[in-house]
Amino acid sequence: MKRLLQFVLTVLARVYIWRYKPVIVAVTGNVGKTSTKEAIGTVLAKIKRVRTSAGNLNNELGVPLTILGDWSDEYYENGGSPLFWVKIIALGALRLAFSASYPEVLILEYGADRPKDIKKLANKFKPHIGIITAVGEIPVHVEYFSGPEAVAKEKAKLIESLSPSDFAVLNHDDLAVLNMKEKTKARVWTFGFTEGSKVQISNFDFKIGDDGRPKGTIFKLNYGESFVPVKLEDTLGRSQALAAAAAAAVGLIFDMNLVTISDALLSYQAPKGRLKLLNGIKNSLIIDDTYNASPSATHLALDTLKTLPCEGRRITILGDMLELGKYSINAHREAGNLAGSFVDLLICVGSRAKFIADS
């Protein structure tokens, strides 16, 4: 039944793409996909009608569902109901019979839980711009692959699908991602902190309020001989700067200028659970990074906590990192080694997190 549903949704979605001819911007990676997707949506909304896939609608059901319409809220509420899918198919077919306003740009997330996932999505819904955020030394979902190299190979399928007139936007800081430039025919743009990035981040720092507490992130985006300052409110971490840089690269591909891009990013709101700042009780400040956990994301969150100005204690609560297969024990121990080097109080939750505590 699920395969039949996937087939019908795929056919409908491909007809939509054929009829309305939107530019498809596809994002993949092991960390930073959602933040990058949201940042790109914020930037391009300045000049285009855009639709951004919500949540984790990044598989063979979620991607065509996003192409057919903005159904995310109802999906998360009623996605398990057959009546919901009957409604989607009926309305999707009906709307094709009438001329309607449709997004000029679709910003889609392509996920890979298992081998061939990216290849299937890229073949069915070929992107015009492909962005790869990061892979990391121990990627998330590696449990279903032979190793990190196999994960990177699968992610590269996104940009292998691109034509010479398309664009591949790659993280210059992640060597596994940067090396993928040899696997695409598309025009390559890079972003990152490292020298040589086409869109380079510099002067990264935390925005500190009058009360001495962190309020967000500030940095510069450099492109050619030009640069602009960027401010991101209520979020921390280099990952959000990378998301902004990737979005800036896409904006530049669409012929936007840096000033317009910087202005657009003022309204960017990092997704929930991605290094978001929350005010806690007793004058405490909470960094909420609870959306998901991978080794790269955990290390980034700990590095952020370590470098923040702090007059009191640094307290860390860490849970299990899932789907790491044979890498699970060592990955948790490495997180424990890092946390143990500077935190004042460490709280661990979960069966795997005991290895964090042990270290």
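Procedures and definitions
Residues numbered from 1 in each chain as written. Predicted model: local features only at pLDDT ≥ 70, side-chain atom pairs only at ≥ 80, totals over all residues. Heavy atoms only, no water. Helix = DSSP H or I, 4+ residues; strand = E, 2+ residues; numbered from the N terminus. Buried < 20%, exposed > 50% of the residue type's maximum accessible area, 1.4 Å probe, protein only. Contact = heavy atoms within 4.5 Å. 1 Å grid on protein atoms, 1.4 Å probe; cavity = no way out; pocket = protein on both sides within 12 Å on 5 of 7 lines; lining within 4 Å. Points joined across faces, edges and corners; volume = space filled by probe spheres on them. Nonpolar A, V, L, I, M, F, W, Y, C, P; charged D, E, K, R; others polar. Core = buried A, V, L, I, M, F, W, Y, C linked by side-chain atoms within 4.5 Å. Patch = residues over 30% accessible without salt bridge, like charges linked within 9 Å, V, L, I, M, F, W, Y side chains within 5 Å. Areas by Shrake-Rupley, 256 points an atom, 1.4 Å probe, with all protein chains shown as cover. Salt bridge = Lys/Arg side-chain N within 4 Å of Asp/Glu carboxyl O. Axes fitted to C-alpha atoms, helices over the stretch in contact; angles between N-to-C directions. Parallel < 35°, antiparallel > 145°, perpendicular 65-115°, else oblique. Pairing = 2+ DSSP bridges.

For P103, the location among the structural elements is in the loop between helix 5 (82-96) and strand 3 (105-109). Here P103 falls in the buried class, since its relative accessible area comes to 10%. Apart from residues no more than four positions distant in its own chain, P103 is found in contact with P22, R49, V50 and R51.

Before going further, it helps to spend a moment on the layout of surface pockets. The calculated volume of the second largest pocket comes to roughly 1,300 Å³. Lining the second largest pocket are 36 residues; nearest its centre among them are L285, I286, I287, L305 and I315. Mapped onto the lining of the second largest pocket, the elements with two or more residues apiece are strand 11 (285-288), helix 11 (295-307) and strand 12 (315-319). Counted by class, the lining of the second largest pocket contains 18 nonpolar, nine polar and nine charged residues.

Turning next to the nonpolar core. Core analysis: the largest hydrophobic core is formed by 42 residues, its most contacted members being I40, I129, I131, V199, L221 and L265. Per-element accounting of this core gives the leading share, 12 residues, to helix 9 (residues 238-253). For L265, the contacting residues outside a window of four places in its chain are V43, L221, V230, K231, L232 and A244. Judged by nonpolar contacts, the second largest core, of 40 residues, contains I17, Y102, A152 and L162.

Checked against the element boundaries, A26 lands in strand 1 (residues 23-28). Those residues in contact with A26 that sit more than four places away from it in its chain are L108, Y110, P127, I129, G130, I131 and L158.

In this section: a nonpolar patch on the surface. A cluster of nonpolar side chains, contributed by M1, L4, F7, V11, V15 and W18, occupies part of the molecular surface with about 720 Å² of accessible area. Mapped onto the elements of the fold, F7 is located in helix 1 (residues 2-20). Residue classification places F7 among the exposed residues on the basis of a relative accessible area of 55%.

Moving on: the packing of helix 6 (residues 117-124) against helix 7 (residues 148-160). Between helix 6 and helix 7, the shortest axis-to-axis distance is 8 Å and the interhelical angle comes to 10°. In this view, helix 6 runs roughly parallel relative to helix 7, as classed from their interaxial angle. Counted together, D117, I118, K119 and A122 of helix 6 and E154, K155, K157 and L158 of helix 7 form the full contact between these two elements. Of the residues in the contact of helix 6 with helix 7, the class split is three nonpolar, no polar and five charged.

On the basis of which strands lie adjacent, the open sheet formed by nine strands has the order 2-3-1-4-5-6-7-8-9 and mixed pairing. Each edge of the sheet is formed by a strand with only one pairing partner; in this case those strands are strand 2 (50-52) and strand 9 (226-233). The mean inter-strand angle of the sheet, taken between neighbouring strand axes irrespective of direction, is 20°. Across the sheet, helix 7 is in contact with strand 1, strand 4 (129-132) and strand 5 (167-171); its angle to strand 4 comes to roughly 160°. Sitting on the sheet, helix 10 (residues 258-265) is in contact with strand 8 (214-223) and strand 9, with an inclination near 5° to strand 9.

With that out of the way, let us pick up the pairing of strand 5. Regular strands place their side chains on alternate faces of the sheet. Counted residue by residue, strand 5 has five buried out of five residues, so it is predominantly covered. Burial along strand 5 is two-sided: the face carrying F167, V169 and N171 and the face carrying A168 and L170 are both buried. By the bridge criterion, four bridges tie strand 4 to strand 5 in an arrangement that is parallel. Bridge pairing links G130 to A168 in strand 5. Summarising the sheet, strand 5 and strand 6 (residues 187-192) pair through five bridges and their orientation is parallel. Its bridge partner lying in strand 6, N171 is registered against F191.

We now examine empty space enclosed by the protein. If you walk through the whole model with that rule in mind, you get one cavity of 30 Å³ or more. As a volume, the largest cavity reaches approximately 50 Å³. Looking at the lining of the largest cavity, the elements that each hand over two or more residues are strand 2 and helix 3 (62-68). Tallied by class, residues from the lining of the largest cavity come to four nonpolar, five polar and two charged.

The values reported here are purely geometric and, on their own, carry no functional implication.
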